[in-house]
Amino acid sequence: MSKKRVLSCIQPTGEIHLGNYFGAVKNWAAIQDVYDCFYGVVDLHAMTMSYDPKELKDNSMQMIAELIACGIDPEKSILFIQSLVPQHTELAWIFNCVASYGELSRMTQFKDKSEQIESNSKNQFISAGLFTYPVLQAADILIYKANFVPVGRDQVQHLELSRNIAVRFNRQFKEFFPEPKPLLTDVPKLASLADPSKKMSKSFGERHYVSMFEGENSIRKKIRSAVTDTGDSQGDEMSPGVQNLFNLIKACEKNSEFNSLMNDYKAGNLRYKDLKEVTADALVELTEPIRKKKEELMADKTYIEKLARTLSEKAASIARETVAGVRKLTGLPGLT
Ligand code: TRP
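Bear in mind the structure is a predicted one, so any value in this text is a computation, not a measurement. (Residues numbered from 1 in each chain as written. Predicted model: local features only at pLDDT ≥ 70, side-chain atom pairs only at ≥ 80, totals over all residues. Heavy atoms only, no water.)

J.: I keep staring at the site of the ligand and nothing clicks. Help me out?
T.: Surveying the vicinity of the ligand reveals the residues L7, S8, C9, V42, H45, Y133, Q137, D140, I141, V149, V151 and Q155. Within the contact set of the ligand, a nitrogen atom lies 3.1 Å away from a side-chain nitrogen or oxygen of Q137. Residue Q155 places a side-chain N or O atom 3.1 Å away from a nitrogen atom belonging to the ligand. Contact with the protein chains removes 87% of the 370 Å² of surface that the ligand exposes when unbound. Of all the secondary structure elements, the ones that give two or more residues to the shell around the ligand are β1 (5-10) and α7 (128-142). Top contributing element to the shell around the ligand by residue count: α7, with 4 residues. By residue class, the composition of the shell around the ligand is 7 nonpolar, 4 polar and 1 charged. (Near = heavy atom within 4 Å. Polar contact = N/O pair within 3.5 Å; in protein donor to acceptor, adjacent residues only side chain to side chain. Areas by Shrake-Rupley, 256 points an atom, 1.4 Å probe, with all protein chains shown as cover. Helix = DSSP H or I, 4+ residues; strand = E, 2+ residues; numbered from the N terminus. Nonpolar A, V, L, I, M, F, W, Y, C, P; charged D, E, K, R; others polar.)

What follows is the structure, given as structure tokens:
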């Protein structure tokens, strides 16, 4: 029996942090033997917001190295850079004519990001690419005829749009695309270290998140200064900052440490200093081998780039077949 196909993607907007790792990449690595996996670094999506063209290519190559360091095995999975498979863009155009203006207007990520631009950025520029972002995402998924897409809850609406595009295309032309389903896994909720009422995200700034690659000293420093008790937690509720450190320990699978600290908490004699030390130890133990692996890989940048190009070409051979089928069905002349 052939394996079902999985596809997921990540934007090359800097280093993978704990939220990305526990929320996505760790699971991507875990399912490589069960599914036929495609993992993309979506540089074209990164262009929808303001970005630095001098950094984009290096960030994409670095993201390939980081994914491998985090356990994505290039012998098992197809790792690709989106723009190196230009058929994504071609299919996205065709899907732009299958998706409706109305459904794109209802995408909450577009509303959130455009509001963010209007309130925070100097240039106030909202690109049309930001609006059609989910159409390109549908192309990413459907071009490989993926059956499952591991995504966080924030991406469920985009995946629903991909399914609508597939169904509409099939009805309009001919049964061609399978309907992709989300692969939702239990992921720990990680909060910002400096403001535990927010989720851990790079967009709030340095003090709020921990990168997988920032190294022991910096990790220990950030955990030491993490907000614990703000004094305003109500009743018996654990304060969100303390809860967050417990969640991190659990995410690192330090179960006996977790239980013993939880017993201290329940007995009313938990020392935050101990909680933080265990958290920092667990994070250092997790990240240190991954950080070293990336360092090794990045020592030979030519190799990483060659690998990225070879794997992207593998992806492209499948993408070309899909697009050839789509061109035929939609009335476009075949290439060659
Ligand atoms: N929009 C996704 C995110 O922000 C990234 C993404 C692009 C993606 N294309 C995809 C995720 C295809 C899954 C499948 O996280």
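J.: Mind showing me how you'd approach the pattern of salt bridges here?
T.: Any two side chains of opposite charge can pair if their charged atoms end up close together. In total, this model carries 19 salt bridges according to the counting rule given. Note that E15 and K294 form a salt bridge whose closest N and O atoms lie 3.9 Å from each other. Here E15 is found in the loop between β1 and α1 (18-30), whereas its partner K294 is found in helix α12 (residues 272-298), with 279 residues between them in sequence. Here K254 makes a salt bridge to E285, at a shortest N to O gap of 3.1 Å. Of the two residues, K254 is situated in the loop between α10 (240-251) and α11 (255-267) and E285 in helix α12; the sequence distance between them amounts to 31 residues. The exposure class of K254 is buried, given its relative accessible area of 19%. E285 sits in the exposed class, given a relative accessible area of 52%. The structure contains a network of salt bridges with shared partners spanning E15, E66 and K294. (Salt bridge = Lys/Arg side-chain N within 4 Å of Asp/Glu carboxyl O. Buried < 20%, exposed > 50% of the residue type's maximum accessible area, 1.4 Å probe, protein only.)

J.: What's the story with the domain arrangement of the protein in this structure? I'm lost.
T.: Note on interface size: it is often stated as the accessible area lost on association of the parts. Segmenting the protein into domains produces domain 1 (5-187 + 301-330) and domain 2 (202-295). Domain 1 and domain 2 are separated by 31 Å when their C-alpha centres are compared. Listed by partner, the interface residues are 13 residues for domain 1 and 16 residues for domain 2. Taken together, both faces of the contact between domain 1 and domain 2 bury some 1,400 Å²; the carbon and sulfur share is 67%. Between the two partners, domain 1 and domain 2, sit 3 salt bridges. (Domains from an automatic or database assignment. Contact = heavy atoms within 4.5 Å. Buried area = accessible area lost by both parts, 1.4 Å probe.)

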